[in-house]
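# Remarks on the overall topology
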Amino acid sequence: MPPALPPTELYASERIVVLASCVLSFLGSSLLVCTHALWPELRTRPRQLLLYLSLADLLSALSYFYGVLQDFDSTSWDCVLQGALSTFSNTSSFFWTMAIALYLHVTIVRGSPTGTGLLCCFHVVSWGVPLGITVAAVALKKIGYDASNVSVGWCWVNLDAEDRVLWMLLTGKVWEILAYVTLPVLYILIKKHINRAHAALSEYRPILSRAPAFQPRTSIADKKLILIPVIFIILRIWSTVRFILTLCNSPAVQNSVLVVLHGIGNTFQGGANCIMFVLCTRVVRARLFSSICCCHYDSLRWPLQRSSSSQQHPEPCKNTDVPDSAQTRPLLSST
């Protein structure tokens, strides 16, 4: 490998943008976890997989935030700790993203039932493999200061390691590149299957015109989960570009635009998932806004209750846009 490039200088504006991305990703991942914990109706298998991806993104956002905030200039104990946490969470995020795509392929294309066995395999691979790689990297002292040429202030693979390219591949890049190949293939197969199913259904619509509305096997949640690989590639590609430029010893790796895109791409996965699966999902959005409105209504009602104890107790807050619990359950289970 050619001699390492000089360290990439991070400007205050770049750090502020990446730190903001970390905060938004943390908030987005936290909101996804809270919706799963508070509303049992949302605990479908697709959203359960999304929960595990959100947990990985949550830890990733925290570790990256600390790294960007510190902007390390040498290997230290907190640099190694931060690098280990980000390596584990980042690699785990790769595996959970591929696990979601595989789940969609098995359930939608092959139509095979999925039990706890498949979920256990996902856990073993998506948590176990990243943990094993991270422990080995720390034990062999491969995690440390990397001059921000393949990161944005945080620590990753030690710049002084002779086999640093090998460990850059093992601790992230090989799984990232594998995801670039695997996810589009699975995504294309899923879309082709859905299109064929819609085309076959259209031939029988005149016959079924008086029948109840056809409920496709593919739920709305499954369709939206397909977008996760697309978002993954759009966000992660900038990290791969800087990695390749570093291997080529190109000074373009220090381009400010690339640095900012790399920082946002590595840290904003949780925020992007929140936008799509909370804010852009009608039923979840309605439940969230209804809860906020009820909390605000209760806070305004409390002083009135204390000033007039004899006043009749007002009715609980209701949102006419949100169905009752009996009607909501099938909708929530499909989104």
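Sequence order as written defines residue numbering, which begins from 1 separately in each chain. The predicted nature of this model means local features are confined to residues of pLDDT at least 70 and side-chain atom pairs, given and counted, to a pLDDT of 80 or more, with totals for whole chains, interfaces and linings taken over all residues. Values reported for side chains reflect all heavy atoms of the structure, with hydrogen atoms and water molecules removed beforehand.

## Here we look at the UniProt feature "transmembrane region" (unreviewed entry) in the protein
Stated formally: UniProt positions are given in the numbering used here, feature names are shortened, and annotations may be inferred rather than shown by experiment. Runs of H or I in DSSP of at least four residues are treated as helices and runs of E of at least two as strands, each being numbered from the N terminus.
Here the UniProt-annotated "transmembrane region" (unreviewed entry) positions come out as residues 16–38, 50–69, 81–104, 116–140, 166–190, 225–245 and 257–280. Overall, residues 16–38 shows 100% helix and 0% strand. The separation of its end C-alpha atoms is 32 Å. As annotated, residues 257–280 has a helix share of 92% and a strand share of 0%, and its two end C-alpha atoms lie 29 Å apart.

## Some thoughts on the pattern of salt bridges
To be explicit about the condition: Salt bridge, as used here, is a side-chain nitrogen of Lys or Arg placed within 4 Å of a carboxyl oxygen of Asp or Glu. Any residue under 20% of the maximum accessible area for its type is buried, any over 50% is exposed, and the rest in between are partly exposed; the area is computed with a 1.4 Å probe on protein chains only.
Considering all chains together, one arrives at 2 salt bridges under this definition. Among the salt bridges present, the one from Asp163 reaches Lys142, with a minimum N-O distance of 3.0 Å. With Asp163 in the loop between strand S2 (156–157) and helix H5 (164–202) and Lys142 in the loop between helix H4 (116–139) and strand S1 (143–144), this residue pair connects regions lying 21 residues apart in the sequence. Relative accessible area serves as the criterion here: at 28%, Asp163 is assigned to the partly exposed category. Given a relative accessible area of 15%, Lys142 falls into the buried group. Lys173 is paired through a salt bridge with Glu176; the nearest N and O atoms lie 2.9 Å apart. One end of the pair is Lys173 and the other is Glu176, both in helix H5 and 3 residues apart, which spans about a single turn. The exposure classification of Lys173 matches that of Glu176, with both residues buried.

## Describing unusual backbone geometry
Across residues other than glycine, the phi torsion is negative in most instances, and most of the peptide bonds are trans. One non-glycine residue, Ala147, adopts positive backbone phi at about 65 degrees. Along the chain, Ala147 turns up in the loop between S1 and S2. Relative accessible area serves as the criterion here: at 1%, Ala147 is assigned to the buried category.

## Things to note about empty space enclosed by the protein
Note the following rule: In this analysis the probe radius is 1.4 Å and the grid spacing 1 Å, with only protein atoms considered; a cavity is a set of points the probe fits into but cannot get out of, a pocket is an open set with protein on both sides within 12 Å along at least five of seven lines, and lining residues have an atom within 4 Å of a point. Grid points are joined across faces, edges and corners, and a volume is the space filled by probe spheres set on the points. All residues other than Ala, Val, Leu, Ile, Met, Phe, Trp, Tyr, Cys, Pro, Asp, Glu, Lys and Arg, Gly among them, are scored as polar; the first ten of these are nonpolar and the last four charged.
As enumerated under the stated definition, the model contains 4 cavities of 30 Å³ or more in all. Around the largest cavity, the lining comprises 15 residues; the ones closest to its centre are Tyr64, Asn90, Trp156, Lys173 and Asn266. Where the lining of the largest cavity is concerned, the elements lending two or more residues are helix H3 (77–109), H5 and helix H8 (256–267). Across the lining of the largest cavity, the residue classes tally to 5 nonpolar, 8 polar and 2 charged.

## Some remarks on the state of the cysteines
Filter applied, for reference: To count as a disulfide, a pair of cysteine sulfur atoms needs to be within 2.5 Å.
Under the defined criterion, the tally for this structure stands at 1 disulfide. Sulfur-sulfur distance for the disulfide between Cys79 and Cys155 comes to 1.9 Å. Judged by the sign of its S-S torsion, about -115 degrees, the bond between Cys79 and Cys155 is left-handed. With Cys79 in helix H3 and Cys155 in the loop between S1 and S2, the pair connects residues that are 76 residues apart, well separated along the chain. Residue Cys79 is classed as buried on the basis of its relative accessible area, which comes to 0%.

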